Amino acid sequence: MKIIIDTTENVAKRAAQLYVDLLSRNPQAVLGGATGSTPIPLYKELVKLNKEGVISFKDAKSFNLDEYVGLEGTHDQSYRYFMNDNLFNHIDIKMENTHVPSGIDISEPEKYDSEIEAAGGIDMQLLGIGVDGHIGFNEPGTPWDSLTHVVELEQNTREVNARFFNSIDEVPTHAVTMGIKTVMNARSIILIATGSSKAEIVKKFIEGPVTTEVPASILQLHPFVTVFLDHEAAALLEKKA
Ligand code: GLP
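Everything numeric here is computed off the predicted structure, so don't read it as measured data.

**Q** Honestly, the sheet that holds strand β8 (residues 174–177) in this entry has me stumped. Any pointers?
**A** Pairing between sheet strands relies on hydrogen bonds along the backbone, with the strands arranged either parallel or antiparallel. The strand order across the open sheet formed by three strands is β4-β8-β7, and the pairing between neighbours is antiparallel. Looking at strand neighbours, the two that pair on one side only are β4 (66–68) and β7 (149–152), the edges of this open sheet. Strand-to-strand twist of the sheet, defined as the mean angle between neighbouring strand axes without regard to direction, takes the value 25°. Note: β7 against β8, four bridges, orientation antiparallel. Across the sheet, the residue bridging to H149 is T177, located in β8.

**Q** Looking at this model, I keep getting lost on the environment of A233. Mind explaining?
**A** Along the polypeptide, A233 turns up in the segment after β10 (225–230). On the accessibility criterion, A233 (0% relative accessible area) is buried. Counting along the chain gives 30 residues from A233 to K203, while the straight-line C-alpha distance between them is 8.7 Å. Dropping the residues within four chain positions of it, A233 is found in contact with A193, T194, G195, K198, A199 and V202.

**Q** How should I be thinking about the pattern of salt bridges in this particular structure?
**A** Applying the stated criterion across every chain, the model contains 10 salt bridges. Its salt-bridge partner being D123, residue R187 comes within 3.0 Å of it at the nearest N-O pair. Here R187, found in the loop between α6 (180–184) and β9 (188–193), pairs with D123, found in the loop between α4 (111–118) and β6 (124–127); they are 64 residues apart in sequence, far enough to count as distant. R187 sits in the partly exposed class, given a relative accessible area of 44%. Note on D123: relative accessible area 14%, which makes it buried.

Cut-offs used in this document
- Residues numbered from 1 in each chain as written.
- Predicted model: local features only at pLDDT ≥ 70, side-chain atom pairs only at ≥ 80, totals over all residues.
- Heavy atoms only, no water.
- Pairing = 2+ DSSP bridges.
- Helix = DSSP H or I, 4+ residues; strand = E, 2+ residues; numbered from the N terminus.
- Axes fitted to C-alpha atoms, helices over the stretch in contact; angles between N-to-C directions.
- Buried < 20%, exposed > 50% of the residue type's maximum accessible area, 1.4 Å probe, protein only.
- Contact = heavy atoms within 4.5 Å.
- Salt bridge = Lys/Arg side-chain N within 4 Å of Asp/Glu carboxyl O.

Pasting the structure below:
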């Protein structure tokens, strides 16, 4: 794992540079998208670079990590809505080339893996991390060989995400998420973690054992992972290489 520690602002800029590099090498790249508060500064940077003509998404494709079960894409807390609102509506990507798992038709979730494969596989998957180490919505205990599947959300995850809803009762109980194997199949991975609330889990997933109890720890075994941390999220690391 390559670990980059910088200010919160520079983390977004430096992560955006990886998109510039990838899309100039391969304009048809397949991008893996993530939601949450963490990627918002990166998405703002990508919108800016797109408007300035530095980067183009017109031939790119994207596949998002996850979606809440039961929310239509038009619901303002659905991850489809989030992606349109924070990124897709403001860049030159073709909407038909953007994919978010359906939270409504959950009959055959693993079909999403076949769609990714048919598109040639993900070139660069973006990840945030939950305070319990989840990536996508792969909660502790998720098997390493999991493909896209439906999960029951941990109470703690629902509580953390309740800030976006009117009350905890409105937070869906289930989500559909790429599995750990789906994520590990990506040719390269970027994980961003910012803020002091992530410091403990950052230390665990980077310096602790590889264990299903910390889903992000599996990234230690992927050959091309870049972890971007701000100083607050990196505070507990022993080796600040
Ligand atoms: C959600 C998402 C994850 C995300 C995590 C952290 O649970 N499913 O993909 O990484 O939250 O969110 P935040 O970036 O807001 O801390």
